[in-house]
Every structure is written in C-alpha cells, then in structure tokens.
Amino acid sequence: QVQLTESGGGLVQAGGSLRLSCAASGRTFSSYTMGWFRQAPGKEREFVASIRWSGGNTPYADSVKGRFTISRDNAKNSVYLQMNSLKPEDTAIYYCAARRVESVTYDYWGQGTQVAVSS
C-alpha cells in the first residue's frame with residue numbers, strides 16, 4: 001500500500017513558477033513509476049508527466065513540454081513537478097500517482113493540489 005500526499009499548489013500569475021511535491025509512504029517507493037496528472041474544471045483528467053524508478057524515461061504531455069520538469073528523490077520518497085512559464089490553461093487540480101512495475105494503470109493516487117494561474 002502506498003499513500004501519496006501532494007503539496008505546493010497555489011495561485012500564481014501567468015509566467016510564474018510553482019514546484020509541486022508529492023510525498024509517498026511505503027518501503028518500495030523506489031520501485032514505482034511516478035506520474036503527475038491534472039484535471040481542469042469541466043475536463044477529464046489528463047497525463048502531465050511521469051518518471052521511472054531510475055529517474056530515466058520522463059515523457060511529458062505536449063502542452064507542458066519545455067516548461068515542466070519532473071524529478072524524484074528516492075531517498076526522500078518524493079517526486080516533484082517544477083512548473084515554469086505557467087499559463088492560465090495550466091489551472092487544474094494536480095494529482096500524484098504511483099504505478100507498480102507490473103501494472104498497466106496507476107495503482108495509487110493522491111488527493112490532489114490546486115493550481116490556479118491568473119492572466
């Protein structure tokens with residue numbers, strides 16, 4: 001069982017930056033692929049970025065490529081999402097998720113943290 005807790009959301013002006021953090025419980029955190037997703041009002045949840053246990057293979061959604069960076073610190077059981085050059089369309093609830101190596105879908109989800117970008 002893995003519990004995920006996001007933090008770092010808030011209100012920021014367009015062009016600004018935020019860094020989201022996700023703290024995970026569980027001894028096997030380092031073996032999980034971690035992902036960030038987001039859900040804007042009235043829209044379905046969408047993939048933002050993910051990172052494998054080794055820190056490699058970090059795919060991004062086209063909409064955030066070049067602006068967002070995902071990273072992880074296995075010693076701290078944490079994954080991060082650095083968000084730069086934020087746009088109003090980045091406004092959403094951001095969720096952290098964990099996927100076991102053998103899973104095809106994400107097994108565990110956090111409660112989410114709100115990000116609001118004003119124009």
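As the structure is a prediction and not an experimental result, all values here were calculated from the model.

1. What about the pairing of strand 10 (residues 113–118)?
Remember that side chains alternate between the two faces of the sheet whenever the strand is regular. Burial along strand 10 is one-sided: the residues Thr113, Val115 and Val117 are buried and none of Gln114, Ala116 and Ser118 is. Direction of pairing for strand 8 (residues 92–99) relative to strand 10: antiparallel, over a ladder of three bridges. If you follow Tyr94 over to strand 10, its bridge partner there is Thr113.

2. Quick look at the environment of Ser17
Tracing the backbone shows Ser17 in the loop between strand 2 (10–13) and strand 3 (18–24). The class for Ser17 is partly exposed, based on a relative accessible area of 39%. When residues no more than four places from it in sequence are discounted, the contact partners of Ser17 are Val12, Gln82, Met83, Asn84, Ser85 and Leu86. One polar contact links Ser17 to Asn84, side chain to side chain, over a distance of 2.9 Å.

3. A short note on the packing of aromatic side chains
One pass over the full model with this rule turns up five aromatic pairs. Taking the centre distance of 5.7 Å and the plane angle of 75 degrees together, the rings of Phe37 and Phe47 count as edge-to-face. Taken together, the positions of Phe37 in strand 4 (residues 33–39) and Phe47 in strand 5 (residues 46–51) put the pair ten residues apart, joining distant regions of the chain. Residue Phe47 is classed as partly exposed on the basis of its relative accessible area of 30%. The ring centre of Tyr95 lies 5.6 Å from the NZ or CZ of Arg45, which sits over that ring. Sitting over the face of the ring of Trp109, Arg45 holds its NZ or CZ atom 3.8 Å from the ring centroid.

4. Quick notes on the state of the cysteines
Under the definition given, this model contains one disulfide. Residue Cys22 pairs covalently with Cys96 via a disulfide, S to S 2.1 Å. Taking the sign of the S-S torsion, -80 degrees for the link of Cys22 and Cys96, the bridge is left-handed. You can see Cys22 sitting in strand 3 and its partner Cys96 sitting in strand 8, a full 74 residues away along the chain. Note on Cys22: relative accessible area 0%, which makes it buried.

Conventions used here
Residues numbered from 1 in each chain as written. Predicted model: local features only at pLDDT ≥ 70, side-chain atom pairs only at ≥ 80, totals over all residues. Heavy atoms only, no water. Buried < 20%, exposed > 50% of the residue type's maximum accessible area, 1.4 Å probe, protein only. Helix = DSSP H or I, 4+ residues; strand = E, 2+ residues; numbered from the N terminus. Pairing = 2+ DSSP bridges. Contact = heavy atoms within 4.5 Å. Polar contact = N/O pair within 3.5 Å; in protein donor to acceptor, adjacent residues only side chain to side chain. Phe/Tyr/Trp six-rings, centres within 6.5 Å; stacked < 30°, edge-to-face > 60°. Lys NZ or Arg CZ within 6 Å of the ring centre and 35° of its normal. Disulfide = S-S within 2.5 Å.

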